[in-house]
2 protein chains.
Amino acid sequence: MGQRKSGHVTLLDIAHASGFSVSTVSIVLSEAPLSQNVAEKTRGHIRTIARQLGYHPDAYARSLRRRSTMTIGVLAFDLSDPFCIPLMRGIQEGAHKAGYMPLVMDAQTQRRLFDNYLHTLLERRAEGVIVIASWVFEETNLLGDIRKNNVPIAIVGRDLTSRGVNSILVDNEAGGALAARHLYDLGHRHIAVIRGPEEMCDSEPRWTGIQRVVAETGMKLDEKLVFQLPGVVGPASGFEGGQCFARQMLQSRKLFTAVLAFDDLTALGVVRGLTEGGVRVPQDCSVTGFDDVLPAEVATPAITTIRQPLREMGIEAAERVLQAIQSGVNLPAKAKLHKTQPELIVRMSTAPPAKQR
Amino acid sequence: MGQRKSGHVTLLDIAHASGFSVSTVSIVLSEAPLSQNVAEKTRGHIRTIARQLGYHPDAYARSLRRRSTMTIGVLAFDLSDPFCIPLMRGIQEGAHKAGYMPLVMDAQTQRRLFDNYLHTLLERRAEGVIVIASWVFEETNLLGDIRKNNVPIAIVGRDLTSRGVNSILVDNEAGGALAARHLYDLGHRHIAVIRGPEEMCDSEPRWTGIQRVVAETGMKLDEKLVFQLPGVVGPASGFEGGQCFARQMLQSRKLFTAVLAFDDLTALGVVRGLTEGGVRVPQDCSVTGFDDVLPAEVATPAITTIRQPLREMGIEAAERVLQAIQSGVNLPAKAKLHKTQPELIVRMSTAPPAKQR
DNA sequence: TATATTGATTGAAACGTTTGAATCAGTGTT
DNA sequence: AACACTGATTCAAACGTTTCAATCAATATA
C-alpha cells in the first residue's frame, strides 16, 4: 500500500494514509491560517505521517497555484570573475531574508548563453532579475523582453539608469581618487596609470577621480605614462595587459615610481612584468589595484587596492528588486542609481618612493 | 483587449488572440509530434502571435504536467572556493548537452544552509543532485533523504562509494607523486611537506603518493620537515597555515630546499612566509601547490602546481547523474568511483636547489 | 450510398497544490 | 422549535500546461 504513482510523495498519498482529505492535509502542512481550526490531534497525526513518508511539497505545483515562485534570477555574465562570488553571497543574503531564492545562471562570457538564460529565467518565472555585468556587457535589447513581462530588474557593475534599470555601482571616481591620493601621500610624483578598456564603464570615472586628485595636489601626470588596456576578451586579460605594459615601460626607460592599475588582475600583471625586469615591488616601484579580489590578497607582495563593498552591493541589489516586486508596479522611469563607497586597503605593494632615483 | 489576468502571457491569451483552441496552440508552440498535422498556415499564424505577445511557456505548469523538470541540482558546500567554478562550468556543459539545467545553491560553508538547500532541491524536483565537497564535508544523513525520494546523486571531491554514492575524484596519490617526483628531478633532497588537515579525504592519498616516490628514489624524508595543517575553518585558512608553517621553519633553522604544499593557497602562504623571512622563491627554496586555481597562476612567482581536470570532472559528474536519471533505476549498490588524472604544471616557483647550502 | 481514411482541430482530464465557499454536527440563544 | 453560531472538515475550482481521445468535414474506397 501507499505505492506512489510518480517518484514523489504527494498530498494525496498522505490523505490516503491518514484518512483525511487532501484539503485538510494541505492546510495543516502548509500552515495556512485555517490550520488553527484543525483539531490538535489531527494536526499531529498528519504531520507525523508526512514525516514518515518523507513528504516534500512540490514547489512547482505550489507556485503554479499560488502564482508566485519566490525566486529571483541572477544572471552573471562571467561567474569565473572572482568579483562575482561575494556579490552572489550578498544577493543570497538579501533574498533569503525575504524568503526568496536566487536562481543563478552563468553565461560564461558567451552572449548566446546570456540570451538563452534570460529566456530561461522568464520561463522559470523569476519574479525579478539581477544582472551581474562583471567585466563587459554590451547593450542588449533583451532588457526589453524582460520589461515586456513586467519583471523588475537591477544591474550590478554598470549604470543603466538611462535605460530605466536600477543600477548598483561602486563610486569609481571616489575609488580612483582614493588610489591616487594614497600614492601621492606616500610621496610619489611620477605615477603611471593604466586605464581600463574603453568599452568598460568603470574606466572613465576612475580616470576622472585620478585627475581630480592630480588637480587638487598640483601633481603633474606625464601623458606618456598613461596607458590604456585594449578591449577585454576575458577576465584574465587584464593580467596580460598589465604584464605587457610593465615590459614596455621598462624598455622605454621612463621615470616612474608607482603604477596605478585599473584592477587587481592588471596590478598582478604589472607586478609580474616588473619583477621579470628586475624591478622590485614595492621598494623600486609601488603598485595599486582595484576591486580587492582573492588573488590580490594572497599574492606576495599583497596588493594595495580599492575594495568594492561587493557583499553590500549584492544585498542592495536584492533589496531593490524585492522592493519592486512587492510594490507590484515597477516604473522604469524611477530607476535609481545606487553608488557605494569604496575603501582603500593598504597592503604590501605600496611604499614611499626610493630616495635615489 | 488581450488584457492578461496575471503578469504573464499564457496559452489562453494566444488562443483568444488567434481564434484557435488552447490545445492547438500548445501543440504548435511545444512542437509536439502532432504539430505535423496542423495546417502550415495555422502554425505560422500562431507562432507570430506568440512572438508578438512575448510568450514564454511556464516551466512550472509544463513540468507539473510532464512530470519532469529537466533540472539537476548542484549543491556547493563553498562556492567561494576557486575550485568550484571550473567544476560548475563542466557540470553546466554536461547538463546542457542533454537539455538539462543546473540549479546551483551555495551553502556558504554553513551546515544549516546545506541541509536547507538539499530540501529545496527536492522541493524543486531536481531529478538528480551533484554535491561539490570542496574543502570539507562531514558525513551527513541527508543523503538518505535524497535516496528516499529516489533521486540519483553524485559527489565531487570525496569518495563516498562506500555509502553508495557515485564519486568523482582526482587521483590524489598520483598527484602527490607527481609533485614529489618533480622536486626530486630538479635535484631536491631536503623537501618539507605540508600535509592537509586530517579531516580532508585528499590529505592521506597525497601523502601516500609522496611516500611512494620517496621509496622509489631512495630519498629520505626528515620527519621534522613534515607538517600538518590544522583543521580547516575556511577556504583561505590554508594560506595562513602555510604562512605560519614557513615562519616556524625559518625560525627552527632546519635545512630544506623545497616545500611541497597541500594546495595552492597553502603554497601561496608559504611563499609569503618565506619572503617575509628573506628567503627567495625559487632561488633559495622551491614551492609546489595543488589544484591550479587562479591565484596560483597570477601570483609572482607563479606557482608550480598539480592541476585537477576540474572541467572534465564536472562533465563526468553530470553524465553520471544523467545516466542514472535516464536509466530510471539507480542502484546505490553499483556506485562507482571515477578517478581523473592530475597534471603537473611547471611554473616559476620551482627550480634546482642552490648549490651552496 | 454507406463506409473507411485522412487531415485539422478541439474537449477534457490530468499533474499537485491552494483556498473560498460549502457542509455538517453540535451547542447555545431566542 | 426555529435560529444562529462555532469548530472541524471537505468540495470543487483554479493555476498553465500536455496529450489522449474525440469530433467533424472532406475525400477516397467499396
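Residues numbered from 1 in each chain as written. Chains lettered and ligands numbered in written order. Predicted model: local features only at pLDDT ≥ 70, side-chain atom pairs only at ≥ 80, totals over all residues. Heavy atoms only, no water.

Caption draft 1: View of the relation of the copies chain A and chain B. You can overlay chain A on chain B at an RMSD of 0.1 Å; the transform is a turn of 180° with a shift of 0.0 Å along its axis. What the superposition gives is, in effect, a two-fold axis relating one chain to the other. The position closest to the rotation axis in chain A is occupied by the C-alpha of Pro295(A), lying 2.2 Å away. (Least-squares fit on C-alpha atoms with pLDDT ≥ 70 in both.)

Caption draft 2: Structural view of the pairing of strand 5 (residues 166-170) of chain B. Residues and elements named next belong to chain B. With respect to burial, strand 5 is a largely interior element, five of its five residues being buried. Side chains Asn166, Ile168 and Val170 of strand 5 all project onto a buried face; the interleaved residues Ser167 and Leu169 project onto the opposite face, where all are buried too. One ladder, built from three bridges, connects strand 4 (residues 153-156) with strand 5; its direction is parallel. Opposite Ile155, over in strand 5, you have Ser167 as the bridge partner. Direction of pairing for strand 5 relative to strand 11 (residues 337-340): parallel, over a ladder of four bridges. Each bridged residue has a counterpart across the sheet, and for Ser167 the counterpart in strand 11 is Leu337. (Buried < 20%, exposed > 50% of the residue type's maximum accessible area, 1.4 Å probe, protein only. Helix = DSSP H or I, 4+ residues; strand = E, 2+ residues; numbered from the N terminus. Pairing = 2+ DSSP bridges.)

Caption draft 3: Representation of the domain arrangement of chain A in the model. Segmenting chain A into domains produces domain 1 (11-57), domain 2 (69-170 + 310-340) and domain 3 (172-307). Distance from the C-alpha centre of domain 2 of chain A to the C-alpha centre of domain 3 of chain A: 30 Å. (Domains from an automatic or database assignment.)

Caption draft 4: Molecular detail of the sheet that holds strand 9 (residues 286-288) of chain A. Residue and element names in this part refer to chain A. Ordered by their spatial adjacency, four strands build an open sheet running 7-6-8-9, and the pairing between neighbours is parallel. Both edges of this open sheet fall to strand 7 (226-228) and strand 9, since each of them pairs with a single strand only. Going from strand to strand, the sheet's axes swing by 15° on average, the running direction of each strand aside. Note that strand 6 (residues 191-195) and strand 7 share three bridges and pair parallel. Bridging from a neighbouring strand, Ile194 pairs with Phe227 of strand 7. Here helix 10 (residues 237-252) sits on the sheet in contact with strand 6, strand 7 and strand 8 (258-260), set at roughly 145° to strand 6. Sheet strands in contact with helix 11 (residues 264-276) are strand 6, strand 8 and strand 9, and its direction is about 160° off that of strand 9. (Axes fitted to C-alpha atoms, helices over the stretch in contact; angles between N-to-C directions. Contact = heavy atoms within 4.5 Å.)

Caption draft 5: Region of interest: the environment of Ile14(B). Residues and elements named next belong to chain B. Relative to the helices and strands, Ile14 is located in helix 1 (residues 11-18). Accessibility expressed as a relative area gives 0% for Ile14, which makes it buried. As for Ile14 and Val131, which are separated by 117 residues in sequence, their C-alpha atoms are 41 Å apart. Those residues in contact with Ile14 that sit more than four places away from it in its chain are Val9, Val25, Leu29, Ile46, Ile49, Ala50, Leu53 and Tyr55.

Caption draft 6: Representation of the interface of chain A and chain B. Listed as interface residues are 62 residues of chain A and, on the opposing side, 63 residues of chain B. Here chain A meets chain B over a buried area of about 5700 Å², counting both sides, of which 56% is carbon and sulfur. Across the chain A-chain B interface, the total number found is six salt bridges. Note that Asp58(A) and Arg125(B) form a salt bridge whose closest N and O atoms lie 3.4 Å from each other. When contributions to the side of chain A that touches chain B are tallied by element, the ones reaching two or more residues are helix 3 (40-53), helix 4 (59-66), helix 5 (84-97), strand 2 (101-106), helix 6 (111-123), helix 7 (142-148), helix 11 and helix 12 (294-298) of chain A. Broken down by class, the residue content of the side of chain A that touches chain B amounts to 30 nonpolar, 18 polar and 14 charged. (Buried area = accessible area lost by both parts, 1.4 Å probe. Salt bridge = Lys/Arg side-chain N within 4 Å of Asp/Glu carboxyl O. Nonpolar A, V, L, I, M, F, W, Y, C, P; charged D, E, K, R; others polar.)

Caption draft 7: Geometry of the environment of Ile91(B). All names here are of chain B. Of note, Ile91 is situated in helix 5 (residues 84-97). Along the sequence, Ile91 and Thr10 sit 81 residues apart, while their C-alpha atoms lie 32 Å from each other. The residues touching Ile91, leaving out its near neighbours within four places in the chain, are Ile72, Val74, Pro102, Ile130, Ile132, Gly314, Ile315 and Ala318.

Caption draft 8: Molecular detail of the pattern of salt bridges. Considering all chains together, one arrives at 36 salt bridges over all chains under this definition. Where Glu276(A) meets Arg247(A), a salt bridge forms, and the shortest distance between an N and an O atom there is 3.4 Å. In this pair, Glu276(A) is assigned in helix 11 and Arg247(A) in helix 10, connecting sequence segments 29 residues apart. The partly exposed category is assigned to Arg247(A), whose relative accessible area is 44%. With a closest N to O distance of 2.9 Å, Glu204(B) and Arg195(B) form a salt bridge. For Arg195(B), a relative accessible area of 19% translates into the label buried. One network of salt bridges, in which partners are shared, links Glu173(A), Arg181(A), Arg212(A) and Glu216(A).

Caption draft 9: Quick peek at the packing of aromatic side chains. Residues and elements named next belong to chain A. A complete count under the given rule lists five aromatic pairs over all chains for this structure. An angle of 55° between the planes, with centres 5.0 Å apart, marks the rings of Phe227 and Phe245 as tilted. Of this pair, Phe227 sits in strand 7 while Phe245 is found in helix 10, placing the two residues 18 residues apart along the sequence. One exposure class covers both Phe227 and Phe245, and it is buried. Above the face of the Tyr184 ring, Arg189 is positioned so that its terminal group lies 3.8 Å from the ring centre. (Phe/Tyr/Trp six-rings, centres within 6.5 Å; stacked < 30°, edge-to-face > 60°. Lys NZ or Arg CZ within 6 Å of the ring centre and 35° of its normal.)

Caption draft 10: Up close: the nonpolar core. If you look at the biggest cluster of nonpolar residues, it comprises 84 residues, and the most contacted ones within it are Ile72(A), Ile132(A), Ile72(B) and Ile132(B). Setting aside its immediate chain neighbours within four residues, Ile72(A) contacts Ile91(A), Ala95(A), Tyr100(A), Met101(A), Pro102(A), Leu103(A), Ala126(A), Gly128(A), Ile130(A), Val321(A), Leu322(A) and Ile325(A). Core analysis: the second largest hydrophobic core is formed by 58 residues, Met200(A), Phe239(B), Phe256(B) and Leu274(B) among them. (Core = buried A, V, L, I, M, F, W, Y, C linked by side-chain atoms within 4.5 Å.)

Caption draft 11: Structural detail: the pairing of strand 6 (residues 191-195) of chain B. All names here are of chain B. The element strand 6 is largely enclosed, with a buried count of five among its five residues. Residue alternation in strand 6 divides its side chains into two sets, Ile191, Val193 and Arg195 and Ala192 and Ile194, and both sets are buried. Both strand 6 and strand 8 (residues 258-260) contribute to a ladder of three bridges, which runs parallel. Following the sheet pairing, Ala192 is matched in strand 8 by Val259. Viewed along the sheet, the connection from strand 6 through helix 9 (residues 203-217) into strand 7 (residues 226-228) turns out right-handed. (Right-handed = clockwise from strand over helix to strand, strands pointing away.)

Caption draft 12: Quick look at the sheet that holds strand 7 of chain B. All names here are of chain B. The parallel open sheet is built from four strands, whose spatial order is 7-6-8-9. The sheet is open, and its two borders are formed by strand 7 and strand 9 (286-288), each paired with just one other strand. On average, each strand axis in the sheet is inclined to that of its neighbour by 15°, with strand direction left out of account. Across the sheet, helix 8 (residues 172-186) lies against strand 6, strand 8 and strand 9, angled at about 175° from strand 8, the strand it touches most.

Caption draft 13: Up close: the side chain of Gln308(B). Residues and elements named next belong to chain B. Along the chain, the position of Gln308 falls in the loop between strand 10 (305-307) and helix 13 (310-326). Within polar-contact distance, the side chain of Gln308 engages the side chain of Asp291 at 2.8 Å. Apart from residues no more than four positions distant in its own chain, Gln308 is found in contact with Phe83, Val170, Arg206, Phe290, Asp291 and Met313. (Polar contact = N/O pair within 3.5 Å; in protein donor to acceptor, adjacent residues only side chain to side chain.)

Caption draft 14: View of helix 3 (residues 40-53) of chain B. In this model helix 3 of chain B runs 20 Å from its N-terminal to its C-terminal C-alpha over 14 residues, within 8% of the 20 Å that 1.5 Å per residue would give. Close packing links the buried residues of helix 3 of chain B with helix 1 and helix 2 (22-29) of chain B. (Expected span 1.5 Å × (residues − 1).)

Caption draft 15: How the structure looks around the confidence of the model for chain A. Across chain A, the average pLDDT comes to 91, with 93% of residues at or above 70. Considering only residues more than four positions removed or in separate chains, one finds that residues 1-6 of chain A, a stretch of pLDDT under 50, has five contacts. (pLDDT = per-residue confidence, 0-100.)

Caption draft 16: Structural view of helix 1 (residues 11-18) of chain A. Residues and elements named next belong to chain A. By the burial criterion, the buried members of helix 1 are Leu11, Asp13, Ile14, Ala15 and Ser18. In this structure, the buried side of helix 1 is in contact with helix 2 (22-29) and helix 3. A positive backbone phi angle near 85° is found at Gly19, which sits one or two residues after helix 1.

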